[in-house]
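Inside the fold
These are the residues of each chain, in order.
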Amino acid sequence: MLVLVVDSSTPAVTAALAEVSADGVALRAARCTVDARAHGELLAPQVDAVLADVGARPADLAAIVAGLGPGPFTGLRVGLVTAATMGQVLGVPTYGVCSLDGLGHPAAAGEPVLAASDARRREIYWAVYDGAGQRLAGPEVAAPAVVAERARDLAVTVAVGDGAHRYADVLGLPVRDEPRYPDPLALARLAAPRIRAGAPGETLTPLYLRRPDAVAATGHKPVLP
Amino acid sequence: MADEPLVLGIETSCDETGVGIVRGHTLLADALASSVEEHARFGGVVPEVASRAHLEAIVPTMDRALREAGVTIADVDAIAVTSGPGLAGALLVGVAAAKGYAVAAEKPVYGVNHLAAHVAVDTLEHGPLPEPAIALLVSGGHSSLLRVDDLARDVVPLGATIDDAAGEAFDKVARLLGLPFPGGPYIDREARAGDPAAIAFPRGLTAAKDLAGHRYDFSFSGLKTAVARWVEARQRAGEPVPVADVAASFQEAVCDVLVGKAIDACRSSGIDTLVIGGGVAANSRLRAMAEQRAGKHGIRVRTPRPKLCTDNGAMVAALGSHLVAAGVAPSRLDLPADSALPLTVVSV
Ligand SMILES: [Zn+2]
């Protein structure tokens, strides 16, 4: 089954095609561009491009997998709305996966690992995975110093992700180079059981983790002195 | 006519998620989801709240529009979407949605100008627009006067507000008078029982010295302050505030300036068609005053019904249909959402 994977939760805008079969998941094509300000421009042409790469048409897709974040809101929504609208037109199920799982799951190698992406405002989105890649904590958003403490409590020995690179000093952990951004093959693998089972698709709800910045209107400010 | 283009339009520039479907100049569906109630306690539209609401609403709103029109996306000839101007994050949801639909259904996509769409929607009600025409577009987000030489390609800005949008002034005065948000309909209702000549509120940028540099520009900030001063003076003196009279006098001042400048633009260029659009065009006094004053000069006023004046998907579909019929090339798939899209750019 040909599956489209999209993730726009980090500066990396990703579109990929994966083949999900009974005995495995293989990456067929992937396009990834790192540009924090052009998610809206980049994603749709990349979806078009990966389809062209394998000579497929949209109607050949059997399912769509999307990274649910957490991530900066504006960019994150691009991936989710793209997945949701394509799923609607094609009549195929859409499945969400926590984008941090796309970092932490493939990075797991026996020891607990911290996955982190940049949340701006001097904070990171983070989660911790056990040696087998199962999420132990998170996703949450916090200052790197706070995350460092939580990671120590959870016996984390290594970190992964661009958020970990950016705040490596504060986190005080060795940082693995790859994956730096959510790995589309990992996202497809994590959704594969649902895809194979033909599970009903889900509404793609972003993991915002923060409320909108807004203050309730106060009374009128007088203009007379 | 079966060979008229079937076009789907998506609008998300502010707080309304709209999906409209038209064939030629015929409206087939106009589905809308609004987040206005979520913004009420903030006294204005909160961009992030609006963006979140668009993401939740787009798929169900599209479903409703398709059902209402009795078509599928496979049937449409093109997908049009507001690419600007508007709230950046809100626009981006609509643009990304339009691309998702376009890629999946293998259809062309047109990124269009929100203001030109406010003009185009009138074709659904009154047929093809005589060109050139003057358009007055007034809402909570914009207040512009423009000349439409060719609705598909050539729109010329004549003037715009230099501070608050007209609809914003309605919202602020409504709050001052203890009326709910959005203020336009409540001011309109209160004003019906009031005397429009009770208080002489200022008409911004209409003095001879202002006309030299701002003949077709608007300013509503001074008016808003004048209303606030008047109301506060009453309150401090312990006197009751005559809400109906304040509403009527304020509304009269706004309409007087809008209509005066629009008619001046028509007369000075010898153009006899005036289109009025945007949420404030739903104001009953504005409609009546424009009809009455334009009639004296042989100018025909075209104003779509109130539901089509406020932001909606039908207006975007109407402009898209016009572009397809005019042979305008579609946008590229990397078309951006542009919160400051210039008025002169009808389609991206
Ligand atoms: Zn508008």
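A quick note: this is a predicted structure, and the numbers were derived from the prediction, not measured.

Here we look at the UniProt feature "binding site: Fe cation" (unreviewed entry) in chain B
Residue and element names in this part refer to chain B. Feature annotation in UniProt assigns "binding site: Fe cation" (unreviewed entry) to the following positions: His 114, His 118 and Asp 311. The annotated residues occupy 198 residues of the chain but converge on a single region, no pair of C-alpha atoms lying more than 8.8 Å apart. For His 118, the location among the structural elements is in helix H4 (residues 114-120). Judged by its relative accessible area of 0%, His 118 is buried. If sequence neighbours within four positions are ignored, His 118 has contacts with Leu 137, His 142, Gly 278, Cys 309, Thr 310, Asp 311 and Met 315. Structurally, Asp 311 can be placed in the loop between helix H12 (306-309) and helix H13 (313-325). Polar contacts involving the side chain of Asp 311 include one to the side chain of His 114, which spans 3.2 Å.

So, the UniProt feature "domain: Gcp-like" (unreviewed entry) in chain A
Within this numbering scheme, the UniProt entry marks residues 36-148 of chain A as carrying the feature "domain: Gcp-like" (unreviewed entry). End C-alpha atoms of residues 36-148 of chain A are separated by 25 Å, and the span's content is 40% helix alongside 27% strand.

Digging into the interface of chain A and chain B
Between chain A and chain B, the residue contacts involve 38 residues of the former and 38 residues of the latter. Summing both sides of the interface, chain A and chain B together bury roughly 3,100 Å²; the carbon and sulfur share of this comes to 68%. For chain A, the biggest contributors to the area lost against chain B are A:Arg77, A:Gln88 and A:Leu224; these three give 19% of the whole. Our count for the contact surface shared by chain A and chain B stands at two salt bridges. With a shortest N-O distance of 2.6 Å, B:Glu106 and A:Arg57 are connected by a salt bridge. Inspection of the chain A/chain B interface yields seven residue pairs in polar contact (both at pLDDT 80 or more). Where the side of chain A that touches chain B is concerned, the elements lending two or more residues are helix H1 (39-53) and helix H2 (73-90) of chain A. Among the elements that line the side of chain A that touches chain B, the one with the most residues is H2(A), at 13 residues.

Focus: the coordination of the zinc ion
All names here are of chain B. Within the protein, His 114 (NE2), His 118 (NE2), His 142 (NE2) and Asp 311 (OD) serve as the donor atoms for the zinc ion, at 2.1 to 2.5 Å. Around the zinc ion sit four donor atoms; with metal-centred angles ranging over 88 to 163 degrees, the donor geometry is irregular. As a motif over one chain, the donors of the zinc ion read H-x3-H-x23-H-x168-D. Placement of the pair is His 118 in helix H4 and Asp 311 in the loop between H12 and H13, with a sequence separation of 193 residues.

Focus on the UniProt feature "domain: Gcp-like" (unreviewed entry) in chain B
Taking the UniProt record as the reference, the feature "domain: Gcp-like" (unreviewed entry) is found at residues 27-317 of chain B. Along residues 27-317 of chain B one finds 51% helix and 17% strand; the C-alpha atoms at either end are 9 Å apart.

Description of the sheet that holds strand E1 (residues 2-7) of chain A
Residues and elements named next belong to chain A. What the five strands build is an open sheet, ordered E3-E2-E1-E4-E5; its pairing is mixed. Edge positions in the open sheet fall to strand E3 (24-34) and strand E5 (94-97), since each of these has one partner strand only. Neighbour to neighbour, the strand axes of the sheet diverge by 20 degrees on average, direction disregarded. Taken together, the six bridges between E1 and strand E2 (residues 12-21) define a ladder with antiparallel strand orientation. Residue pairing for E2: Leu 4 is matched across the bridge by Leu 17. Strand contacts of H1: E1, E2, E3 and strand E4 (61-67), with the helix running at about 30 degrees to E2, the strand carrying the most contacts.

Brief notes about the state of the cysteines
For the structure shown, the criterion picks out zero disulfides over all chains. With no disulfide of its own, A:Cys32 lies closest to A:Cys98 among cysteine sulfurs, the gap being 17 Å. Looking at B:Cys309, it has no disulfide partner, and the nearest cysteine sulfur is the one in B:Cys255, 13 Å off. Judged by its relative accessible area of 0%, B:Cys309 falls in the buried class.

Examining the layout of surface pockets
Taken as a whole, the second largest pocket holds about 530 Å³ of empty space. What lines the second largest pocket is a set of 31 residues, and nearest its centre among them are A:Ala36, A:Arg37, A:His39, A:Gly75 and A:Arg120. At the level of elements, H1, H2 and helix H5 (162-166) of chain A together with helix H2 (47-69) and helix H3 (88-105) of chain B are the ones that each hand at least two residues to the lining of the second largest pocket. Class assignment for the residues of the lining of the second largest pocket results in eleven nonpolar, ten polar and ten charged.

With respect to the pattern of salt bridges
All names here are of chain B. This structure, assessed with the given rule, holds 27 salt bridges over all chains. Glu 48 is the salt-bridge partner of Arg 52, the closest N and O atoms lying 2.7 Å from each other. Of this pair, Arg 52 and Glu 48 both sit in helix H2, four residues apart, which is roughly one turn of that helix. Each of the two residues, Arg 52 as well as Glu 48, counts as buried. Ionic pairing is found between Glu 252 and Arg 285, a salt bridge with its closest N-O pair at 2.8 Å. Of this pair, Glu 252 sits in helix H10 (residues 243-269) while Arg 285 sits in helix H11 (residues 284-296), and the two are 33 residues apart along the sequence. Relative accessible area serves as the criterion here: at 13%, Glu 252 is assigned to the buried category.

What counts as what
- Residues numbered from 1 in each chain as written.
- Chains lettered and ligands numbered in written order.
- Predicted model: local features only at pLDDT ≥ 70, side-chain atom pairs only at ≥ 80, totals over all residues.
- Heavy atoms only, no water.
- UniProt positions renumbered as here; feature names shortened; annotations may be inferred.
- Helix = DSSP H or I, 4+ residues; strand = E, 2+ residues; numbered from the N terminus.
- Buried < 20%, exposed > 50% of the residue type's maximum accessible area, 1.4 Å probe, protein only.
- Contact = heavy atoms within 4.5 Å.
- Polar contact = N/O pair within 3.5 Å; in protein donor to acceptor, adjacent residues only side chain to side chain.
- Buried area = accessible area lost by both parts, 1.4 Å probe.
- Salt bridge = Lys/Arg side-chain N within 4 Å of Asp/Glu carboxyl O.
- Donors = N, O, S within 2.8 Å, 3.2 Å for Na, K, Ca; no water.
- Tetrahedral: all angles 85-135°; square planar, octahedral: opposite > 155°, others 65-115°.
- Pairing = 2+ DSSP bridges.
- Axes fitted to C-alpha atoms, helices over the stretch in contact; angles between N-to-C directions.
- Disulfide = S-S within 2.5 Å.
- 1 Å grid on protein atoms, 1.4 Å probe; cavity = no way out; pocket = protein on both sides within 12 Å on 5 of 7 lines; lining within 4 Å.
- Points joined across faces, edges and corners; volume = space filled by probe spheres on them.
- Nonpolar A, V, L, I, M, F, W, Y, C, P; charged D, E, K, R; others polar.

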